[in-house]
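Listed here are the chains, written in short residue letters.
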Amino acid sequence: MKRILIVEDQTDIRKLIRMTLEFENYEIHEAADGSFGLRMAAAIQPDLMLLDVMMPGEFDGLQVCQRIKADPATQHIKVVLLTARGQQRDREAGEHVGADEYLIKPFSPLQLIDTIERLMAPTA
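(A) Spotlight on the nonpolar core. The biggest cluster of nonpolar side chains holds 21 residues, and the ones touching the most others in it are L5, M49, L51, I68 and L81. The contact partners of L51, leaving out residues within four places of it in the chain, are V7, G61, V64, C65, V79, V80, L81 and L82. Residues I13, Y26, F107 and M120 belong to the second largest nonpolar core, which totals 17 residues.

Here it is, written out as structure tokens:
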């Protein structure tokens, strides 16, 4: 079973994402901030992270992504940045830190599932 880690500070958004993914065959884990998300990523080694960009605390989503992609133990994890910011420079910041995909809030459940399935599809 594929493992997904949701790192999002807003409880209602985490709940909506979890409810969207519950009908799929995924093991879901959650973290409410970047620091806990980093620790969980190292501990559970998810296949994919859904990572909010703007979070309070020690690390925002861009910093978490950069650390995940820089660490040989976690660099294989696919990272989807979730943000309300859709400007070109915001997308470039996400690319710069190694994000695999960038979803702009609000996104549809179908868009989320399609993105996850595409990123987790076996490579030929």
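Still to come is the rest of the account.
(B) Region of the structure containing the environment of Y26. Structurally, the position occupied by Y26 is in strand β2 (residues 26–31). Look at Y26 and you get buried, because its relative accessible area is 15%. Separated by 24 residues in sequence, Y26 and L50 have C-alpha atoms that sit 13 Å apart. Look past the residues within four positions of Y26 in its chain and what remains in contact with it is M1, K2, I4, L21, I116, E117 and M120.

(C) Main features of the sheet that holds strand β3 (residues 48–52). Spatially, five strands are ordered β2-β1-β3-β4-β5 in an open sheet, and the strand pairing comes out parallel. Each edge of the sheet is formed by a strand with only one pairing partner; in this case those strands are β2 and β5 (101–104). Strand-to-strand twist of the sheet, defined as the mean angle between neighbouring strand axes without regard to direction, takes the value 20°. Bridging between β3 and strand β4 (residues 78–83) involves five bridges; their strand directions are parallel. Note that in β4 the partner of M49 across the bridge is V79.

(D) Inspection of the packing of helix α2 (residues 34–44) against helix α3 (residues 61–70) at higher detail. The N-to-C vectors of α2 and α3 enclose an angle of 20°; their axes lie 10 Å apart at closest approach. Taken together, α2 and α3 sit at an angle that is classed as roughly parallel. With respect to the hand of their crossing, α2 and α3 are arranged in right-handed fashion. Facing α2, whose interface residues are G34, L38 and A41, α3 presents V64, R67 and I68. Class assignment for the residues of the contact of α2 with α3 results in four nonpolar, one polar and one charged.

(E) View of the pattern of salt bridges. For the coordinates displayed, the defined rule picks out eight salt bridges. Between K105 and E8 there is a salt bridge, with the nearest N and O atoms lying 3.0 Å from each other. Taken as a pair, K105 in the loop between β5 and α5 (109–120) and E8 in the loop between β1 (2–7) and α1 (11–21) lie far apart in primary sequence, 97 residues in all. Take K105 and E8: they sit in the same class, and that class is buried. Sharing partners across several salt bridges, the network here consists of R14, R18, E22 and E30.

Calculation notes
Residues numbered from 1 in each chain as written. Predicted model: local features only at pLDDT ≥ 70, side-chain atom pairs only at ≥ 80, totals over all residues. Heavy atoms only, no water. Core = buried A, V, L, I, M, F, W, Y, C linked by side-chain atoms within 4.5 Å. Buried < 20%, exposed > 50% of the residue type's maximum accessible area, 1.4 Å probe, protein only. Contact = heavy atoms within 4.5 Å. Helix = DSSP H or I, 4+ residues; strand = E, 2+ residues; numbered from the N terminus. Pairing = 2+ DSSP bridges. Axes fitted to C-alpha atoms, helices over the stretch in contact; angles between N-to-C directions. Parallel < 35°, antiparallel > 145°, perpendicular 65-115°, else oblique. Left-handed = near helix turned anticlockwise from the far one by under 90°. Nonpolar A, V, L, I, M, F, W, Y, C, P; charged D, E, K, R; others polar. Salt bridge = Lys/Arg side-chain N within 4 Å of Asp/Glu carboxyl O.

None of the figures reported here should be taken as evidence of function without further support.
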